[in-house]
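# Residue-level structure breakdown
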Amino acid sequence: MSRKLLLAVGFLLLFPTFLVFPAKAQETMIGTAQGNIYAPGAGSIPNITVGGEAAYSMFANASLPDNTAFQPAQAYEDAGIEAILNAGYPFDSLGLQKKYGVSDDFARVVTQQAIWFYIEGWPIDSMEDSVRMRYINDLLQAAQAQLPQEHPVSVVPESPAFQHQGGFYRSETLTLKQAEGTITVQPDNGVKVVLEDGTAATTLRQGDRFILLAPDDLTEISLNVTHRFSNIVPVSYIPETEDHQTDHLLQAQEHVQTRSGVWRFALPETLSSSTQALSEESAPMSSETELIPPSTSAGTMPQTGSPSTGGTGMPITAAALLGLCWVAIGLACLEKQTRNGRQ
């Protein structure tokens, strides 16, 4: 492949990136601080917004924005800040707001304070044992551990039981126990995903209950699934003019992401009739299965019907064959004696 062709292919691979990420860094956003947010037991913080959406101050002692023009920074990557924004207000991924039973304002105030503690490196007062400080400590521990955002998906039971019904395997009821966003399923090979009300499903959400139907000639259900969920991304805003006195701002934004995978469920093994061993004890049968009669004694094969010969002749037993042999021998001896007498 020529160098020009390689460059052309490289440009085509990068072109979708240009479409997805336009020149957003030049977009102007207005930052404003309007009064304070006060929460009893937590204190107060500036009520900062960027583009009309809640935002946080990065530097505690910087000048607050006053209808200031901001632009998003080219890139802002800090796993600690990402962990605080993900676990803080409003996303509360660790359930801390619920854990401490506090209001939205309280959670927002302590999230701002945790950001200042983290960026400014303020020391923690180990003597203070308030809800505020315990909340802040939990956020800072998340930042220190740099807890990644997790978006687990779980289906229970993991290995469902199946029953054979009229040419299909039918699963017990499954539950999408854990899943943010939506799960899109793409059944094929005759497999069906059916909700409890009997309707076919192509989209599942957390808490949905469903069953699986699969033709009985399959040994495994393989479902292609796509998980669509939101990821929390920290965005930093800097003043458009180089004013080192004005605060830099943070905002947590939800970016929709997708990932694909395969769900696999094992089906009961189906053996051919020529090799299938059937017994009442080892293989419970459905009403459609015929059982072979058990043998009457050890080492005796079960009887089967003989092919038709076109008539209803009398069956020849071993004793009858032996008698005929003796008759034949006697006749041969008699004929020999008769010949000797004539000579």
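Starting from 1, residues in each chain are numbered consecutively following that chain's sequence as written. Only residues with pLDDT of 70 or above have their local features reported here, since the model is predicted, and side-chain atom pairs are shown and tallied only from 80 upward, although totals for entire chains, interfaces and linings are computed over all residues. The side-chain numbers reported here are obtained from all heavy atoms of the structure, hydrogens and water having been left aside.

## Observations concerning the overall build of the protein
Helix and strand content of the protein: six helices and 15 strands. When each of the 343 residues of the protein is scored for burial, the buried share is 30%. Across the protein, contacts joining residues at least 24 apart in sequence account for 68% of those joining residues at least 6 apart. Surface accessibility of the protein: about 22,600 Å² in total, with carbon and sulfur atoms responsible for 53%. By definition, any uninterrupted DSSP run of H or I lasting at least four residues is a helix, any uninterrupted run of E lasting at least two residues is a strand, and each is numbered from the N terminus. Buried means the residue's accessible area, taken with a 1.4 Å probe over protein chains only, is under 20% of the maximum for its type, while exposed means over 50%, and partly exposed covers the values in between. By the convention used here, residues are in contact when the closest approach between their heavy atoms is within 4.5 Å. Here the Shrake-Rupley method, with its probe set to 1.4 Å, supplies the accessible areas, and only the displayed protein chains count as covering residues.

## A few points about the nonpolar core
The nonpolar side chains of soluble globular proteins are, as a tendency, buried together. Judged by nonpolar contacts, the single largest core of 28 residues is most densely connected at Phe 106, Ile 115, Tyr 135 and Ile 136. Of all the secondary-structure elements, those providing two or more residues to this core are strand S1 (29-39), helix H2 (79-87), helix H3 (96-100), helix H4 (104-120) and helix H5 (131-145). Of the residues forming this core, the biggest block, eight residues, is contributed by H4. Those residues in contact with Phe 106 that lie beyond four places of it in its chain are Ala 39, Pro 40, Gly 41, Ala 42, Val 131, Arg 132 and Tyr 135. Each nonpolar core is a collection of buried residues, namely Ala, Val, Leu, Ile, Met, Phe, Trp, Tyr and Cys, held together in the definition by side-chain atoms within 4.5 Å.

## Considerations on the packing of H4 against H5
A packed helix pair is summarised by two numbers, namely the angle formed by the two axes and the spacing between the axes. All axes are obtained by fitting lines to C-alpha atoms, using only the stretch in contact for helices, and the reported angles, taken between N-to-C directions, cover 0 to 180 degrees. The contact between H4 and H5 brings their axes to 9 Å, and the two run at 55 degrees. Considering the angle they form, H4 stands oblique to H5. Crossing hand, H4 versus H5: right-handed. From H4, Phe 106, Ala 107, Val 110, Thr 111, Gln 113, Ala 114, Phe 117 and Tyr 118 reach across to H5, where they touch Val 131, Arg 132, Met 133, Tyr 135, Ile 136, Leu 139, Leu 140 and Ala 143. Counted by class, the contact of H4 with H5 contains 13 nonpolar, two polar and one charged residues. The scheme is simple: roughly parallel for angles under 35 degrees, roughly antiparallel for over 145, roughly perpendicular for 65 to 115, oblique for anything else. By convention the crossing between two helices is left-handed if the near helix lies anticlockwise of the far one by an angle smaller than a right angle, and right-handed if it lies clockwise. Amino acid classes used here: Ala, Val, Leu, Ile, Met, Phe, Trp, Tyr, Cys and Pro are nonpolar; Asp, Glu, Lys and Arg are charged; the rest, including Gly, are polar.

## What about the pattern of salt bridges?
Oppositely charged side chains are able to pair whenever their charged atoms sit close together. Take a side-chain nitrogen of Lys or Arg and a carboxyl oxygen of Asp or Glu: if they are within 4 Å of each other, that pair is a salt bridge. In total, this model carries five salt bridges according to the counting rule given. Among the ionic pairs, Glu 128 bridges to Arg 132, the shortest N-O distance being 3.0 Å. Taking the relative accessible area as the measure of exposure, Glu 128 reaches 29% and is therefore partly exposed. For Arg 132, a relative accessible area of 16% gives the class buried. Note that Glu 220 is salt-bridged to Arg 264, the shortest N-O span being 3.4 Å. Remark: Arg 264 occurs in strand S15 (residues 249-266) and Glu 220 occurs in strand S14 (residues 220-239); sequence separation between them is 44 residues. For Glu 220, a relative accessible area of 37% gives the class partly exposed.

## A short note on the environment of Asn 61
Locating Asn 61 in the fold gives a position in the loop between strand S4 (56-57) and strand S5 (66-72). Assessed through its relative accessible area of 76%, Asn 61 is described here as exposed. A C-alpha to C-alpha distance of 9.4 Å links Asn 61 and Thr 246, two positions 185 residues apart in sequence.

## Examining the environment of Ala 107
Structurally, the position occupied by Ala 107 is in helix H4. You can call Ala 107 buried: its relative accessible area is 0%. Sequence separation between Ala 107 and Gly 88 is 19 residues; the distance between their C-alpha atoms is 6.9 Å. Those residues within four positions of Ala 107 in sequence are excluded, and the remaining contacts are Tyr 89, Gln 97, Val 102 and Tyr 135.

## Concerning the packing of H2 against H4
Packing of H2 against H4 brings their axes to within 10 Å, and their N-to-C directions diverge by 165 degrees. Here H2 is positioned roughly antiparallel relative to H4, judged by the angle of their axes. Between H2 and H4 the crossing geometry is right-handed. Where H2 approaches H4, its residues Gly 80, Ile 81, Ile 84 and Leu 85 are matched on the opposing element by Thr 111, Ala 114, Ile 115, Tyr 118 and Ile 119.

## Some thoughts on H2
The buried fraction of H2 amounts to seven of the nine residues, a majority that puts the element mostly inside the structure. Regarding H2, the residues found buried are Gly 80, Ile 81, Ala 83, Ile 84, Leu 85, Asn 86 and Ala 87. The N-cap of H2, judged by a side-chain oxygen 2.9 Å from the amide nitrogen of Gly 80 a few residues on, is Asp 78. Under this definition, polar contacts are N or O atom pairs within 3.5 Å; protein pairs additionally need one hydrogen-donor-capable and one acceptor-capable atom, and for neighbouring residues in sequence, both atoms have to be side-chain atoms.

## Here we look at the packing of aromatic side chains
Pairing of aromatic side chains requires ring centres within 6.5 Å, counting the rings of Phe and Tyr and the six-membered ring of Trp. Pairs whose planes differ by under 30 degrees are stacked, by over 60 edge-to-face, and all others tilted. Taken as a whole and judged by the stated rule, the model has four aromatic pairs. Aromatic pair Trp 116 and Trp 122: ring centres 6.3 Å apart, planes at 50 degrees, arrangement tilted. Measuring from centroid to centroid gives 5.4 Å for Phe 117 and Trp 122, while their planes differ by 80 degrees, and the two rings are edge-to-face. According to the relative accessible area criterion, Trp 122 is partly exposed, its value standing at 36%. Members of the aromatic cluster, connected to one another through ring pairs, are Tyr 100, Phe 106 and Tyr 135.

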